[in-house]
Amino acid sequence: MATTAAAPPYVSTHEASNTGIWSWLTTVDHKRIGALYLVTALTFFMIGGFEAEIIRAQLMHPNGTLVSADTYNQLFTMHGTTMIFLAVMPLSAAFFNFLIPLQIGARDVAFPRLNAFSYWVYLFGGLFINASWLIGAAPNGGWFGYAPLTTMQFNPGLNIDFWVIGLQILGVSSLAAAFNFITTIINMRAPGMQLMRMPMFTWMAFIVQFLLILAFPVITIALVFLQFDRFFGTQFYELAAGADPLLWQHLFWIFGHPEVYILILPAFGLVSEVLPTFSGKPLFGYPVMVYSGMLIAFLGFGVWAHHMFAVGMGPIADSVFGVTTLLIGIPTGVKIFNWIFTMWGGNVRFTVACKFAIALLALFTIGGISGVMHASPPADLQQTDSYFIVAHFHYVLFGGSMMGIFAGIYYYFPKITGRFLSEKLGNWHFWLTFIGMNLTFFPMHFSGLAGMPRRIYRYDAGQGFDVYNLISSYGAYLLGFATLLFVWNFIRSWRKGAKAGHNPWNAPSLEWSLPSPPPDYNFAAIPTVTSRYPLWDHKGNVVDYHDGDQVKSAKELGIPMPLSTIKPLFTALFMTLMFAGLLFIHKHNWPMAYTFMFGGAAGMVISLYSWLLSPLE
Amino acid sequence: MAPHSRPRRLATAALTAAFVVLVAACAPAHPNSIFHNHTDFNRDVGHLFDILIGLGSFVFLFVETILVVTLIKFRKREGQPAPVHVHGNTKLEILWTAIPAVILAVIAVPTVRTIFKTEAPATADALQVTVTGHQWWWEFQYPQYGITTANELYLPIGRKVNFTLRTADVIHSFWVPELGGKRDLISNHTNYLWFTPDSVTEDVFNGFCAEFCGTSHANMRFKVFTVKPAEFAAWAAHQEQPAVSLIPDTTKAKPGVVAATMPAPTMQVAQAAPATESFVSFPRADIPKYAVPETPIPAGMTFDQSLKGDPVEGQKLISAPTSMCLACHTIKGNPMMQAVLGPNLTHVATRTTIAGGLYPNDAQHLELWIKNARVMKPGVIMNTLGAGQIDPMTGKPTDVGKLTDQQIADIVAYLQTLK
Amino acid sequence: MTHSDTHVSHVDHAALGEVKEHPTWSTYWKVAVILTIITALEVWVYYIPSFVASHLFVPTLLILSALKFAIVVLFYMHLRYDHRLFRALFTGPLIIAMATIVSLLFLFGHLVIHAG
Amino acid sequence: MEHHGHTPTTTGLDNRKVAIWAFIGSECMLFASLISTYLIYKGRSVKGPFPHEVCSPPVCDTVMKPILNIPVTSASTFVLLVSSLAMVLALAAVENADQPKHTLGEKILGNSKLWLFMTALLGTTFLGFQAFEFTSFVHEGLTIRTNLFGSSFFTLTGFHGAHVTAGVLWLLTLLAIDIRRGLKPKDALIVDIAALYWHFVDVVWIAIFTLVYLIH
Ligand code: HEA
Ligand code: HEA
Ligand code: CUA
Ligand SMILES: [Cu+2]
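Residues numbered from 1 in each chain as written. Chains lettered and ligands numbered in written order. Predicted model: local features only at pLDDT ≥ 70, side-chain atom pairs only at ≥ 80, totals over all residues. Heavy atoms only, no water.

### Description of the overall build of chain D
Inference 1: Counting its regular elements, chain D contains six helices and zero strands.
Inference 2: Counting from the amino terminus, helix and strand elements in chain D follow one another as α-α-α-α-α-α.
Inference 3: Taking the principal axes of the C-alpha coordinates as reference, chain D spans close to 70 × 40 × 25 Å.
Inference 4: For chain D, the residues scored as buried account for 63% of the 216 residues in total.
Inference 5: Taking as baseline every contact in chain D between residues at least 6 positions apart, the subset at least 24 positions apart corresponds to 75%.
Inference 6: Of the roughly 7,800 Å² that chain D leaves accessible, carbon and sulfur atoms contribute 68%. (Helix = DSSP H or I, 4+ residues; strand = E, 2+ residues; numbered from the N terminus. Buried < 20%, exposed > 50% of the residue type's maximum accessible area, 1.4 Å probe, protein only. Contact = heavy atoms within 4.5 Å. Areas by Shrake-Rupley, 256 points an atom, 1.4 Å probe, with all protein chains shown as cover.)

### Re the site of ligand 1
Inference 1: The immediate surroundings of ligand 1 are formed by 33 residues, with Trp-143, Tyr-261, Asp-380, Thr-384 and His-392 of chain A found nearest.
Inference 2: With respect to ligand 1, its neighbouring residues span chains A and B.
Inference 3: A distance of 2.8 Å separates an oxygen atom of ligand 1 from a polar side-chain atom of Arg-454 of chain A.
Inference 4: Of all elements in the fold, only helix H7 (245-279), helix H9 (315-343), helix H10 (352-374) and helix H12 (387-417) of chain A together with helix H2 (40-73) and helix H3 (90-118) of chain B reach the threshold of two or more residues within the shell around ligand 1.
Inference 5: When the residues that make up the shell around ligand 1 are grouped by side-chain class, the tally is 19 nonpolar, twelve polar and two charged. (Near = heavy atom within 4 Å. Polar contact = N/O pair within 3.5 Å; in protein donor to acceptor, adjacent residues only side chain to side chain. Nonpolar A, V, L, I, M, F, W, Y, C, P; charged D, E, K, R; others polar.)

### Comments concerning empty space enclosed by the protein
All names here are of chain A.
Inference 1: Inspection of the entire model under this criterion finds eleven cavities of 30 Å³ or more.
Inference 2: If you add up the space inside the largest cavity, you get close to 190 Å³.
Inference 3: In terms of lining, the largest cavity is formed by 17 residues, of which the most central are Met-89, Pro-90, Ala-93, Ser-173 and Ser-174.
Inference 4: Among the elements that take part in the lining of the largest cavity, helix H3 (residues 69-104) stands out by supplying six residues, more than any other.
Inference 5: Grouping the constituent residues of the lining of the largest cavity by class yields 13 nonpolar, four polar and no charged.
Inference 6: Empty space within the second largest cavity amounts to approximately 120 Å³.
Inference 7: In terms of lining, the second largest cavity is formed by 13 residues, of which the most central are Pro-199, Met-200, Ser-272, Glu-273 and Tyr-533.
Inference 8: Of the residues contributing to the lining of the second largest cavity, the split by class is eight nonpolar, three polar and two charged. (1 Å grid on protein atoms, 1.4 Å probe; cavity = no way out; pocket = protein on both sides within 12 Å on 5 of 7 lines; lining within 4 Å. Points joined across faces, edges and corners; volume = space filled by probe spheres on them.)

### Thoughts on the packing of aromatic side chains
Residues and elements named next belong to chain A.
Inference 1: If you walk through the whole model with that rule in mind, you get 115 aromatic pairs over all chains.
Inference 2: Judged by centre distance (5.2 Å) and plane angle (45°), the rings of Phe-128 and Phe-162 are tilted. With Phe-128 in helix H4 (residues 112-134) and Phe-162 in helix H5 (residues 159-187), this pair connects stretches of sequence that are 34 residues apart. Across the pair, exposure class does not vary: Phe-128 and Phe-162 are buried alike.
Inference 3: In this arrangement the basic side chain of Arg-455 is found over the ring face of Phe-144, its NZ or CZ atom lying 4.1 Å from the centre.
Inference 4: Geometry around Tyr-286 places Arg-532 over its ring, the cationic atom sitting 3.7 Å from the centre. (Phe/Tyr/Trp six-rings, centres within 6.5 Å; stacked < 30°, edge-to-face > 60°. Lys NZ or Arg CZ within 6 Å of the ring centre and 35° of its normal.)

### Considering the side chain of Glu-367 of chain B
Residues and elements named next belong to chain B.
Inference 1: When you line up the elements, Glu-367 lands in helix H6 (residues 363-371).
Inference 2: An unpaired buried charge is present at Glu-367: no salt bridge exists, and Lys-308, the closest side chain of opposite charge, is 8.8 Å distant.
Inference 3: At a separation of 3.3 Å, a polar atom in the side chain of Glu-367 contacts the side chain of Gln-305.
Inference 4: When neighbours within four sequence positions are excluded, Glu-367 is seen to be in contact with Phe-303, Gln-305, Ile-408, Ala-409 and Val-412. (Lys, Arg positive; Asp, Glu negative; His and termini not counted. Salt bridge = Lys/Arg side-chain N within 4 Å of Asp/Glu carboxyl O.)

### Observations concerning the sheet that holds strand E4 (residues 152-156) of chain B
Residues and elements named next belong to chain B.
Inference 1: Sheet architecture is open: five strands sit in the order E4-E10-E9-E6-E7, paired in mixed fashion. The outermost strands of the open sheet, each flanked by one partner alone, are E4 and strand E7 (180-185). When strand polarity is set aside, the average angle formed by the axes of neighbouring strands in this sheet is 20°.
Inference 2: Helix H4 (residues 229-240) contacts E4 and strand E10 (221-227) of the sheet and is inclined by roughly 135° relative to E4. (Pairing = 2+ DSSP bridges. Axes fitted to C-alpha atoms, helices over the stretch in contact; angles between N-to-C directions.)

### Observations regarding the coordination of the iron atom of ligand 1
Residues and elements named next belong to chain A.
Inference 1: In this structure the iron atom of ligand 1 is ligated by exactly one protein donor, His-392 (NE2), at 2.2 Å.
Inference 2: The metal-metal distance between the iron atom of ligand 1 and the copper ion (ligand 4) is 4.5 Å.
Inference 3: Topologically, His-392 is positioned in helix H12. (Donors = N, O, S within 2.8 Å, 3.2 Å for Na, K, Ca; no water.)

### Let's talk about the coordination of the copper ion (ligand 4)
Residues and elements named next belong to chain A.
Inference 1: Donor atoms from the polypeptide that bind the copper ion (ligand 4) are His-257 (ND1), His-306 (NE2) and His-307 (NE2), placed at 1.9 to 2.1 Å.
Inference 2: Motif for the copper ion (ligand 4), donor spacing along one chain: H-x48-H-H.
Inference 3: Residue class for His-306 comes out buried when judged on its relative accessible area of 13%.

### Quick word on a nonpolar patch on the surface
Inference 1: Residues Val-605, Leu-608, Tyr-609, Leu-612 and Leu-613 of chain A make up a contiguous nonpolar surface patch of roughly 420 Å² in combined accessible area.
Inference 2: Structurally, Leu-612 of chain A is set in helix H19 (residues 590-613). (Patch = residues over 30% accessible without salt bridge, like charges linked within 9 Å, V, L, I, M, F, W, Y side chains within 5 Å.)

### Things to note about the interface of chain A and chain B
Inference 1: Taken together, the contact pairs 109 residues of chain A with 102 residues of chain B.
Inference 2: For the pairing of chain A and chain B, the buried interface totals around 8,600 Å² over both sides, and the portion due to carbon and sulfur atoms is 69%.
Inference 3: Scanning the region where chain A abuts chain B turns up one salt bridge.
Inference 4: Residues Arg-221 of chain B and Asp-460 of chain A are paired through a salt bridge, measuring 3.9 Å at the closest nitrogen-oxygen approach.
Inference 5: Taken together, chain A and chain B are joined by 29 residue pairs in polar contact (both at pLDDT 80 or more).
Inference 6: No other element matches the 15 residues that H9 of chain A contributes to the side of chain A that touches chain B.
Inference 7: Looking at the side of chain A that touches chain B residue by residue, the classes come out as 66 nonpolar, 31 polar and twelve charged. (Buried area = accessible area lost by both parts, 1.4 Å probe.)

### Re the packing of H9 of chain A against H3 of chain B
Inference 1: With their axes 9 Å apart at the nearest point, H9 of chain A and H3 of chain B run at an angle of 160° to one another. Comparing their axes, H3 of chain B and H9 of chain A come out roughly antiparallel. When you trace H9 of chain A past H3 of chain B, the crossing you get is right-handed. In this structure, H9 of chain A contributes Pro-315, Ile-316, Asp-318, Ser-319, Val-323, Leu-326, Gly-329, Ile-330, Val-334, Phe-337, Asn-338 and Phe-341 of chain A to the contact, and H3 of chain B contributes Leu-92, Glu-93, Trp-96, Thr-97, Pro-100, Ala-101, Leu-104, Ile-107, Ala-108, Val-112, Ile-115 and Phe-116 of chain B.
Inference 2: For the contact of H9 of chain A with H3 of chain B, a count of residues per class yields 18 nonpolar, four polar and two charged. (Parallel < 35°, antiparallel > 145°, perpendicular 65-115°, else oblique. Left-handed = near helix turned anticlockwise from the far one by under 90°.)

### Thoughts on the nonpolar core
Inference 1: Ranked by size, the top nonpolar core spans 438 residues in total, and within it Trp-248, Trp-339 and Ile-409 of chain A, Phe-163 and Phe-174 of chain B, Phe-90 of chain C together with Trp-21 of chain D carry the most contacts.
Inference 2: Apart from the residues within four sequence positions on either side, Trp-339 of chain A is in contact with Phe-268, Val-271, Ser-272, Leu-275, Leu-283, Met-289, Leu-360 and Leu-361 of chain A.
Inference 3: Among the nonpolar cores identified, the runner-up in size contains five residues, and Tyr-521, Ala-524, Val-551 and Ala-554 of chain A belong to it. (Core = buried A, V, L, I, M, F, W, Y, C linked by side-chain atoms within 4.5 Å.)

### A word on the domain arrangement of chain B
Accessible area lost when the parts come together is the quantity often used to give the size of an interface.
Residues and elements named next belong to chain B.
Inference 1: The domain boundaries assigned to chain B delineate domain 1 (34-64 + 93-120), domain 2 (127-240) and domain 3 (280-415).
Inference 2: Taken over C-alpha atoms, the centre of domain 1 sits 28 Å from the centre of domain 2.
Inference 3: Facing 13 residues of domain 1, the contacting portion of domain 2 comprises 17 residues.
Inference 4: Summed over both sides, the interface of domain 1 with domain 2 buries roughly 1,100 Å², with 46% coming from carbon and sulfur.
Inference 5: The three residues of domain 1 that bury the most area against domain 2 are His-38, Asp-40 and Phe-41, which together make up 47% of that side's buried surface.
Inference 6: For the interface between domain 1 and domain 2, the tally reads two salt bridges.
Inference 7: Among the salt bridges present, the one from Arg-43 reaches Asp-198, with a minimum N-O distance of 2.5 Å.
Inference 8: Taken together, the connections running from domain 1 to domain 2 amount to eight residue pairs in polar contact (both at pLDDT 80 or more).
Inference 9: Of all the secondary structure elements, the ones that give two or more residues to the side of domain 1 that touches domain 2 are H2 and H3.
Inference 10: Examining the composition of the side of domain 1 that touches domain 2, we find that four residues originate from one element, H2, more than from any other.
Inference 11: Looking at side-chain class alone, the side of domain 1 that touches domain 2 contains three nonpolar, six polar and four charged residues. (Domains from an automatic or database assignment.)

Rendered as structure tokens:
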């Protein structure tokens, strides 16, 4: 029942050339890259979660002896680093990749091969950092790696080298992807897809890309300094030379605070897709949702020093950063209320996706409120570096980002794979996660206020921490079990799940007009958009595909498709090798260092040139 | 789909109940709670917490209530008409911008006021204490008294104390939850923090290093004893004294000291007693349980407790030119012992704990400590000194010190005379 | 907002995103001369000890270099003539970058607020 | 090279041009971090050489000359400014490659190869100045390891120099294309993008010259 006579027929999306390992290594299709991101990031999430489980097992009882002090320090550093850089950011990237072109009515991103490059850099960077486990020298300086603890003087092993180089590699991935998405959103929108008609997820993604391109250069430089200090003997963090360790802290948090909004805004975007669909109502206050997102991002650059209230910045700086931080509560609150009022007056269908979205509202609010408590500097002195902070950021990160991402996964899985995730298993997953999450992280508020510092591998008995830690650990086991259920659901449903139609949830935005999974060219004819909710308003020439329609291949339709290519993968690989060569400098193994660095650089330049000089299509 | 809201409510109720029970059950057992206001600082912060928790709970209840009401009221039922497509409501949106703004203003004003109050310079009459962070122990100096001690602070009740915070290496953070703080000790910086302990009676408080500072960050703790001013004066006068030598010809030995060498924690040593009182250290018997470390001894660490140490031998060993100890430690009055890499040992026996508050200061723990400090506390620079002991940092038997158990027992016997 | 369909025939033109007329080489020359003069001025004042000692030295140099900066961006990078989108893409980050530098200088005590 | 020539874009702007402006925005933060660090560390070195201050006994052990060489750097600054002029001329020449040229002046001005070459050459000259500056500093005892000033100075100017180097390589690639097949007005865009990058690198130097070399 196509809305226009020119309804194009579709064919099955998986042609022979689209299967097999090679097709995945060479793909430039944003949807397949999105799928790669999704699976890789979930794997890293499991690894990061596994590290958390060991942390919790160690802390379950006073004076735990499961792991040594050094191992513990590596565990929490890698847990934080993995969760932030290898799990949540790439999970968001999975959705950017998969959704942005579909939501704006494009055939692909602006630079499809650059997109593949971003993924491979991410994968190699992630493998690189984790390779440190193999030689027992995982990063151990905490996820914000404060100098001077991370300098050669205090950390002579390879641990920090892996961290510095790894983050540097991952930064390349994020930056490349960000330029790509900015261009895509500005330039690849279908006719009529005005900015203020874009789906909210794309809007939040758009804002996040700006956070990325402005925040990452700063950490790049901070890391360059550390890297130079460690490898070439510069003095940026060298105490004897008069260095100021606060330089690192400022640079890190100028990146670090925008980073937390990089972690949450995509989840906000996903929730803004899920709630309207399952309420059967448009998003409440769309323009305000857009502006508040912008405001959060903008203010996010002016609050970084709230992570440094204990360093003695003086009353003026403390006041300024305290107050700007408080201000962020306003646009965020607007979002929360607008979501609630999206459901208000609707017919809310409690699917698993919807439940996760609702859980975000409920739990992120808790994390936001504790955030506001940190924003009062004198009060923060009693909170900072205690478990109260750990509680805060798990409420916003797990209760916010992860809940939003789970909502997104349950919601978009049918579009990605053509099949539903099991709602039954999903319900178990949801409830166990919801309970487990609160059981794990709520007691941390208490242990924090009871005086428990963070990043300690053991605590003494009788300090008032025992019970809370015991509950936290049980909660974490529950969370782990819930996550295993999810993984099982994910793997099984990918092959065996119930088939989903093109628009199983009756959603309003363009991606749902396509078959599930969408053909490689996405839109047989580029749609013309005339409203914010094209599939609800039945306006414009948006082709509403229906099951059973015949589907044609790109070739039959005469749509030029980008050629698959292995070159981005090689460029990424050589770049990683080039960086990895630095490790040998540490060992004073100059032949190896030069081989890797110059060989890698040469390989990178050659594959880059051959990539740039070969035609896209 | 209605039934789904019931498990949700049940779960929430169960959770709340569980926490209430737990909190109630453990309420008295919070020896490090930030809510016990023992100082002016903590009272100021406490006022802020009242506001923050009050308004925070209000926002929490408000948001969760309307959320739950919405979910119940607008869950999908059979045969419901399609919802009206409302796109927004400017009045409402202004309302929920304005109300949080007001709430935040209510937080901001006292916040800024408290910032300027607590960060003002301390008054001149304050007791000065210089805190130096080391990986992973605390050095405390009282410049007005010429005292250097480690890991245990004595503070007079009712007198403002101004801490000057420095570090010898990486960043640490000074935190006594019950008294105030925290403030970071930052390399190449000097920070300040002041508060006035005002509990009516003598008390003991646990302190922590709150900034991750490497391997044994978890083992960098300390204690604060708040005592009556007169007791403080006595303590300070005592700490100012150099250590008493047991070897007659090096310096004027005090008869009676030798008699007091065997482990006898409560025994008072006849010193050049301060005029008013004979208060030397916080009475061990009065130390609450939460201030006595229960850190288990690492597996494999043993010491023959039947060995009797000779303190005179111990002093000779420790101050011999070949001794390792003098490379790192100071004992005031002993010209051989002037190094500052490790804690000052002049009055080490007056302290109740060793090694950054990790172990009680008793013969057994001292012996094990000297035998293999690096096993007792991961990462420390104090070498593994017991003969044949494996140094965990190299994985090989130690090549320094090589003290026999008997020698260690002698050293410990001597250390225990350092009242 | 300009839509693609109106521009398909002028891809080259549109590709440059020209909105206003492009500067000609006579503009370029003039700009070069002005830039050279300002640079000369900057170096000149650097060698006047009395001026260096005065309060005006730093502000003067900052203003002069800001001027140069703006001229290059507006004319050589033809931001003045180009699509306003580019202006937004550049000035937004530039403002955040400059605000960051200034805040950092305050935080490290290189700039001090004189009360009153 | 990465865009679908067939698909007109939403804004009518070329993807690559949008991307390069976003990239330049991002570079602002990169250099802001470097410049802030330089300024923060200026005057914090515990030992010389120092950038400006002439410091003599008893404050320092020996008399210290200011190390920055203003005349030389003024010359290199001038070179970079002129290279920007050459760059705009190269772009204009490519844009007008199809116009008939009669006078000698028109022929010179319209010779894109000449101007691309000149830009690259001036860029290389600038790098030559920088190499000279770096080596003379090393001779005077200032390396990247000497003190905070050395570390932050070399890293800042080195990063800028690396940008110039990348720009020179880029320009030479364009020159090679120009020589091989001649750049036509339809290629103006790829020159324009290189030009934007080049000018941005120039603009950064304007800031560095004032903040690092002149102000003290
Ligand atoms: C997803 C990531 C995320 C998000 C979104 C946030 C959001 C916020 N964060 Fe959080 N934060 C982290 C991740 C995040 N944070 C992490 C990882 C750390 C620790 C880093 C480390 O040390 O390892 C941290 C640490 C941290 C600190 C430093 C604490 C310390 O170390 O001492 C502070 C201090 O101000 C802070 C504040 C805030 C505030 C005010 C918000 C606000 O944006 C929250 C705003 C939201 C609300 C307020 C709720 C909704 C609003 C309403 C319902 C309206 C009405 C509300 C009121 C009037 C109060 N955060
Ligand atoms: C998005 C970010 C994110 C997420 C999702 C989490 C998830 C979890 N975190 Fe995380 N955490 C951080 C970010 C995050 N954390 C950061 C940034 C820090 C600070 C680090 C630092 O201080 O430097 C931190 C620190 C931190 C600490 C403090 C450590 C310390 O200070 O000493 C603790 C302690 O309990 C903790 C626990 C947990 C738990 C139990 C989970 C659970 O949600 C995990 C759920 C479990 C799973 C998902 C695992 C499921 C899998 C299995 C059960 C086995 C599978 C096995 C294989 C595949 C081999 N985290
Ligand atoms: Cu010292 Cu942590
Ligand atoms: Cu923050």
